[in-house]
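Summary of the model geometry
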Amino acid sequence: MDFNVKKLACGAGVFFTRAVQFTEEKLGQAEKTELDAHFENLMSRADCTKLWTEKIYRQTEVLLQPNPSARIEEFLYEKLDRKAPSRITNAELLGQYMQDAAKEFGPGTPYGSTLIEVGECERRLGTAEREFLQTSAISFLTPLRNFLEGDWRTISKERRLLENLRLDLDSCKTRLKKAKVAEAKAATAPDFQETRPRNYVLSASASALWSEEVEKAEHELRVAQTEFDRQAEVTRLLLEGISSTHVNHLRCLHEFVEAQAAYYKQCHFHMQELQKELGRLPNAFALNSTQSIAMADSASEGISSPVETDTLKIEEVQAPATGTRKAKVLYDYDAADSSELSLLADEVITVYTVPGMDSDWLIGERGNQKGKVPVTYLELLS
């Protein structure tokens, strides 16, 4: 018990001494040991690294999980050291709703069959998104969090210890300075108010007492200087390790970019495949627009088809004298076989139809090239 009281009293005394030194420095009444410029630059660089790493980490979390409630839930599971339940992505949920709606509307209808295809594509996009989130969390978010919760906490702890030792060092310097002033004053001009007959014996040893006080202060200063130098070296090594942190974060950033590029590449591929599938599906809108126009043109001109109903031979198809139209291509399209014509977005081609042809397709011509093109990829021009 006595030991604890003494230890508590000693700790309180050290805290009070540091508080006095800190206050006097702020008031300009005490000198402060300044660190070298290189050390100051290292600390400034570390503070900058911490600041922007934290901002990048927080914003990446928002990017990967925009829902704040979901982020809080994941944070709580992490703190409780429990695995968070698997969460369905928004794209997967949308895909499920579309497929359920298709069952209600009828999968054999144009709308129902289209809902099925789009819903399946959305589910694939959701799966790709989940893989991207998992990869990004492991390869990018985890290293950033490890730095903030591990390395940076160690650096902050050592910097606080260094600051406390600096306050102790400057306090020892102040104490030594005051002791030397008192020693010089006692040696040159004794205080006769304290050397009356009843205390005269004290005046004879005043100079010796102040000399001992100076020696004690010098010893404490040497010890404080040694501890400060040792702690400064430890802190310097940790701060210099920020360069290694930058290299590690650079590698993680490359991995994040690769994961993001792979994710968007998968999304682009799935959407292209969806466009191709939609171009092959029955389309009631196309039937009501392009086919009716084509049938009317054919009837008025009395044009007969040079091809059979079941088999379309592109090389035998001839452009009608009238009834051709210009069409702007909305999306890129890769021909599935030799009977189809590949398209580039924003180009303008000549299109027309022939009797017996599927209503979802037109014949497109670009110079000497000719082939079937899907109606859904075109915008008919007046």
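In this text, all values refer to a predicted model and were calculated from it rather than measured experimentally. (Residues numbered from 1 in each chain as written. Predicted model: local features only at pLDDT ≥ 70, side-chain atom pairs only at ≥ 80, totals over all residues. Heavy atoms only, no water.)

Looking at the overall build of the protein chain
The condition is simple: Note on conventions: DSSP H or I runs of at least 4 residues are helices, E runs of at least 2 residues are strands, and numbering of each starts at the N terminus. The classification of residues rests on relative accessible area computed with a 1.4 Å probe and restricted to protein chains. Under 20% of the type maximum is buried, over 50% is exposed, and intermediate values are partly exposed. Note on contacts: a residue pair is in contact if any heavy atoms of the two residues lie within 4.5 Å.
Looking only at helices and strands, one finds 9 helices and 5 strands in the protein chain. When the helices and strands of the protein chain are read in sequence order from the N terminus, they spell out α-α-α-α-α-α-α-α-α-β-β-β-β-β. For the protein chain, the proportion of its 382 residues judged to be buried stands at 32%. Across the protein chain, every contact between residues at least 6 apart in sequence was considered, and the portion connecting residues at least 24 apart equals 71%.

Here's the deal with the packing of aromatic side chains
Note the threshold: Planes of paired rings set the category: under 30 degrees apart is stacked, over 60 is edge-to-face and the rest tilted, where pairs are Phe, Tyr or Trp rings (Trp by its six-membered ring) whose centres lie within 6.5 Å. Comment: the charge-over-ring label is applied if NZ (Lys) or CZ (Arg) is within 6 Å of the ring centre and within 35 degrees of the ring normal.
Within this structure, the stated rule accounts for 8 aromatic pairs. Taken together, a centroid distance of 5.7 Å and an interplanar angle of 90° make the contact between Y331 and Y377 edge-to-face. Taken together, the positions of Y331 in the loop between strand 1 (325-329) and strand 2 (348-352) and Y377 in the loop between strand 4 (369-374) and strand 5 (378-380) put the pair 46 residues apart, joining distant regions of the chain. Among the residues examined, Y377 registers a relative accessible area of 2% and is labelled buried. An aromatic cluster is built from F132, F140, F256, Y263 and Y264, whose rings are joined through pairwise contacts. Above the plane of the ring of W52 lies K55, whose end atom (NZ or CZ) is 4.5 Å from the centre. In this structure, K372 is placed above the aromatic ring of W361, and the distance from its NZ or CZ to the ring centre is 5.1 Å.

Looking at the packing of helix 2 (residues 37-64) against helix 8 (residues 242-280)
Here is the rule we go by: Fitted lines through C-alpha atoms give the axes, limited to the stretch in contact for helices. The angle between two N-to-C directions lies from 0 to 180 degrees. Roughly parallel means an angle under 35 degrees; roughly antiparallel, over 145; roughly perpendicular, 65 to 115; everything else is oblique. Crossings are classed by handedness, with left-handed meaning an anticlockwise turn of the near helix from the far one by less than a right angle and right-handed meaning a clockwise turn.
The interhelical angle for the contact between helix 2 and helix 8, taken along N-to-C directions, is 20°, at an axis separation of 12 Å. Put simply, helix 2 runs roughly parallel to helix 8. Viewed along their axes, helix 2 and helix 8 form a crossing whose handedness is left-handed. Along the contact surface, helix 2 presents R45, A46, T49, T53 and L63, while helix 8 presents I242, S243, H246, H249, F256 and Q260.

Some details on the layout of surface pockets
Unfilled space is identified by rolling a water-sized probe across the atoms. Formally: Grid spacing is 1 Å over the protein atoms alone, the probe is 1.4 Å, and a cavity is where that probe fits but cannot get out, while a pocket is an open set with protein on both sides within 12 Å along at least five of seven lines and lining residues have an atom within 4 Å of a point. Grid points are joined across faces, edges and corners, and a volume is the space filled by probe spheres set on the points. Residues were grouped as follows: Ala, Val, Leu, Ile, Met, Phe, Trp, Tyr, Cys and Pro as nonpolar; Asp, Glu, Lys and Arg as charged; and all remaining residues, including Gly, as polar.
Volume-wise, the largest pocket comes out at about 1600 Å³. Elements with a contribution of two residues or more to the lining of the largest pocket: helix 2, helix 3 (68-79), helix 5 (110-188) and helix 8. If one sorts the elements of the lining of the largest pocket by residue count, helix 5 sits on top with 14 residues. Class assignment for the residues of the lining of the largest pocket results in 20 nonpolar, 9 polar and 16 charged.

Some points on the sheet that holds strand 4
Rule in force here: Strands pair, by our definition, only if DSSP identifies at least two bridges between them.
Read across the open sheet, the 5 strands follow the order 4-3-2-1-5; overall the sheet is antiparallel. Edge positions in the sheet fall to strand 4 and strand 5, since each of these pairs with one other strand and no more. Each adjacent strand pair in this sheet contributes to an overall mean axis angle of 40°, direction not counted. Two strands pair when backbone bridges link them, and strand 3 (residues 361-366) and strand 4 are joined in this way by 6 bridges, in the antiparallel orientation.

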